[in-house]
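Tertiary structure, described
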Amino acid sequence: MENEMMTQVLMFATVISPFVTGILEVIKRLAALPKNYVPLIAVAVGIILGATAYPFTDMGLSLRLWSGAGSGLAATGLFELVQRRSGHTTKIKED
């Protein structure tokens, strides 16, 4: 039973990961964000997508949230969470 639930979580995270990546790319192009916040934003976007995907799966809310967080980590790469980065995602216009 537990094995089946974990398989569902991983499969669902795999399915929504490209959507998280796409939304994150749009956010990065629209806003000048510090690069070290991008992974946290990706996890938040993944959690939101996981929570709103209830019509597409019969998984419980907690499992969908775990799947969303996993997809957010997969979208940016887990190593970026611990890596110190400076700069912004887009150039800030200085007037």
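Report follows, based on the coordinates.

About the cut-offs
- Residues numbered from 1 in each chain as written.
- Predicted model: local features only at pLDDT ≥ 70, side-chain atom pairs only at ≥ 80, totals over all residues.
- Heavy atoms only, no water.
- Helix = DSSP H or I, 4+ residues; strand = E, 2+ residues; numbered from the N terminus.
- Buried < 20%, exposed > 50% of the residue type's maximum accessible area, 1.4 Å probe, protein only.
- Contact = heavy atoms within 4.5 Å.
- Expected span 1.5 Å × (residues − 1).
- Core = buried A, V, L, I, M, F, W, Y, C linked by side-chain atoms within 4.5 Å.
- Axes fitted to C-alpha atoms, helices over the stretch in contact; angles between N-to-C directions.
- Parallel < 35°, antiparallel > 145°, perpendicular 65-115°, else oblique.
- Left-handed = near helix turned anticlockwise from the far one by under 90°.
- Nonpolar A, V, L, I, M, F, W, Y, C, P; charged D, E, K, R; others polar.
- Salt bridge = Lys/Arg side-chain N within 4 Å of Asp/Glu carboxyl O.

The next point concerns the side chain of Ser67. Relative to the helices and strands, Ser67 is located in helix H3 (residues 61–76). Assessed through its relative accessible area of 0%, Ser67 is described here as buried. What Ser67 contacts, discounting residues up to four positions off in sequence, is Val9, Phe12, Ala13, Ile16 and Met59.

Compared with the 22 Å implied by 1.5 Å per residue over 16 residues, the 23 Å span of H3 between its first and last C-alpha is a close match. After H3 finishes, the residue Gly77 shows a positive phi value of roughly 95 degrees.

Now for the nonpolar core. Core analysis: the largest hydrophobic core is formed by six residues, namely Val9, Phe12, Ile16, Ala53, Met59 and Leu63. Looking at which element gives the most residues to this core, the answer is helix H1 (residues 2–30), with three residues. In contact with Leu63, not counting residues within four places along its chain, are Met5 and Val9.

Now for the environment of Leu49. Take Leu49: it is sitting in helix H2 (residues 38–52). Judged by its relative accessible area of 22%, Leu49 falls in the partly exposed class. Leu49 sits 15 residues away from Arg64 along the chain, and the two C-alpha atoms are 8.6 Å apart. With near-sequence residues (within four places) excluded, Leu49 lies in contact with Phe19, Val20 and Ile23.

On to the packing of H1 against H3, then. The N-to-C vectors of H1 and H3 enclose an angle of 50 degrees; their axes lie 7 Å apart at closest approach. Relative to H3, H1 is oriented oblique. Handedness of the H1/H3 crossing: right-handed. Counted together, Met5, Val9, Phe12, Ala13, Ile16, Ser17, Val20, Thr21 and Leu24 of H1 and Leu63, Arg64, Trp66, Ser67, Gly68, Gly70, Ser71, Gly72, Ala74, Ala75 and Thr76 of H3 form the full contact between these two elements. A breakdown of the residues in the contact of H1 with H3 according to their chemical character gives 11 nonpolar, eight polar and one charged.

Here we come to the pattern of salt bridges. In total, this model carries two salt bridges according to the counting rule given. Lys28 serves as the salt-bridge partner of Glu25, at 3.6 Å between the closest nitrogen and oxygen. Of this pair, Glu25 and Lys28 are both found in helix H1, three residues apart, which corresponds to roughly one turn of the helix. On the accessibility criterion, Glu25 (32% relative accessible area) is partly exposed. Between Arg29 and Glu25 there is a salt bridge, with its nearest N and O atoms 3.0 Å apart. Here Arg29 and its partner Glu25 are both found in helix H1, four residues apart, which amounts to about one turn of the helix.

Everything listed here is a matter of coordinates, which is why it stays silent on function.
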